[in-house]
Every structure is written in structure tokens, then in C-alpha cells.
Amino acid sequence: MHKMLADGELKTGQDFYEAAFIEQHGENSDDFLQAHIFAMASLAKGYAKARWISAATLDRYLQSIQQPQVFGTQALVATDPRSHSAGAPTMEPFNPALIPDSLRNALGVISHQERRRKFAQGDFKSSLEGN
């Protein structure tokens, strides 16, 4: 994909959308930031399906630089360093007050209240569209 980008082969909104999902599953902050940029390029090219991934990539990037996510799209499972056992899933760190539900909705993300309800039930999907 990086070669395709360098060669100018990513052209359409769908191309950038698919690239965003690939980079969203990268390994480091630069991958996640590039995923966010791809998602924004997809939206700029009019590809409306990229709404949710644009929010999710920002949350993942923020987490990777030890900052709270702002949309609440990312569930994490902490591991106890002593026992190496998995803990309960969490959205923390999360700043739910920064982004109002109207903006979450505009980007295809469920409301904060709905996210908390679904999360408590073990449903970790944060998309209005089932992403």
C-alpha cells in the first residue's frame, strides 16, 4: 500500500477508505496518524462511508500517544503486569465531554450514552452503521 501511495495509485475515496482500514491496524502512532489522514482524504473525495473510520482512526492515534480518545470508538483490554491475565475491557482513557453526541452522530458514531449501555452488555461496536 505504501508503494501504491508513493506511485500515486490511491485516487478514489474508496481507495483511501480501504487504505485507512489497513493503516488502522498498523503498529505505531505514525500508522494510525496516516490512517486518519487517509480517512480524511476519503471524506474529502466524497466517500461518505469513511465517516466512522475518520473518528476511529483519530481515537486510535490519540491512544497511541497516551492521550484520551474523544469519540469512544476503541475498546481496550488491559493486562495485569503481574499475573499477565486479561482484565475487563475499557474505553479509558476517554474524554467523553469534548465531543457532543451531535458530532458523534455526524461521523457515524453512536451517542455516548448508547456506547456506555452497549459496552456494559459486552457489545463493543461504536458505529451507527455496524463497522
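Up top is the structure these notes are about.
Throughout this description, residue numbers start from 1 for each chain and increase along the sequence as written. Confidence filtering applies because this is a predicted model: local features only for residues at pLDDT of at least 70, side-chain atom pairs given and counted only at 80 or more, and all residues used for totals across whole chains, interfaces and linings. The side-chain values count all of the structure's non-hydrogen atoms but skip hydrogen atoms and water molecules.

Visitor: Mind laying out helix 2 (residues 13–24), listing which residues take part and the relevant values?
Guide: Three or four residues apart is the spacing at which side chains of an α-helix point the same way, because the helix has 3.6 residues per turn. Between its first and last C-alpha, helix 2 extends 16 Å over twelve residues, near the 16 Å set by a 1.5 Å rise per residue. Working definition: with a 1.4 Å probe on protein chains only, accessible area under 20% of the residue-type maximum means buried, over 50% means exposed, and in between means partly exposed. Per the convention used, a helix needs a DSSP run of H or I reaching at least four residues, while a strand needs a run of E reaching at least two, with both numbered from the N terminus. Of the positions making up helix 2, those classed as buried are Gly13, Phe16, Tyr17, Ala19, Ala20, Glu23 and Gln24. Seen along its axis, helix 2 keeps its buried residues to an arc of 165 degrees; they face one direction. We call two residues in contact when some of their heavy atoms are within 4.5 Å. Taken together, the buried residues of helix 2 touch helix 1 (2–6), helix 3 (29–44) and helix 4 (51–64). The span you would expect from a helix comes to 1.5 Å times its residue count less one. Throughout, the arc means that of the directions going from the helix axis to the C-beta atoms.

Visitor: Any details on the packing of helix 2 against helix 3? Residues and values, ideally.
Guide: Relative orientation and spacing of two packed helices are given, respectively, by the angle between their axes and the distance between those axes. With axes taken as lines fitted to C-alpha atoms, and helix axes fitted only over the stretch in contact, angles between N-to-C directions fall between 0 and 180 degrees. Between helix 2 and helix 3, the shortest axis-to-axis distance is 8 Å and the interhelical angle comes to 160 degrees. The pairing of helix 2 with helix 3 is recorded here as roughly antiparallel in orientation. Between helix 2 and helix 3 lies a crossing of left-handed hand. Contacts between helix 2 and helix 3 involve Gly13, Phe16, Tyr17, Ala19, Ala20, Glu23 and Gln24 on the former and, on the latter, Asp31, Phe32, Gln34, Ala35, Phe38, Ala39, Ala41 and Ser42. Residue classes follow a fixed rule: Ala, Val, Leu, Ile, Met, Phe, Trp, Tyr, Cys and Pro count as nonpolar, while Asp, Glu, Lys and Arg count as charged, and any other residue, Gly among them, counts as polar. Of the residues that constitute the contact of helix 2 with helix 3, the class distribution is nine nonpolar, four polar and two charged. In this scheme, roughly parallel covers angles under 35 degrees and roughly antiparallel covers those over 145, while 65 to 115 is roughly perpendicular and the rest are oblique. Helix crossings fall into two classes, left-handed where the near helix is turned counterclockwise from the far one by less than a right angle and right-handed where it is turned clockwise.

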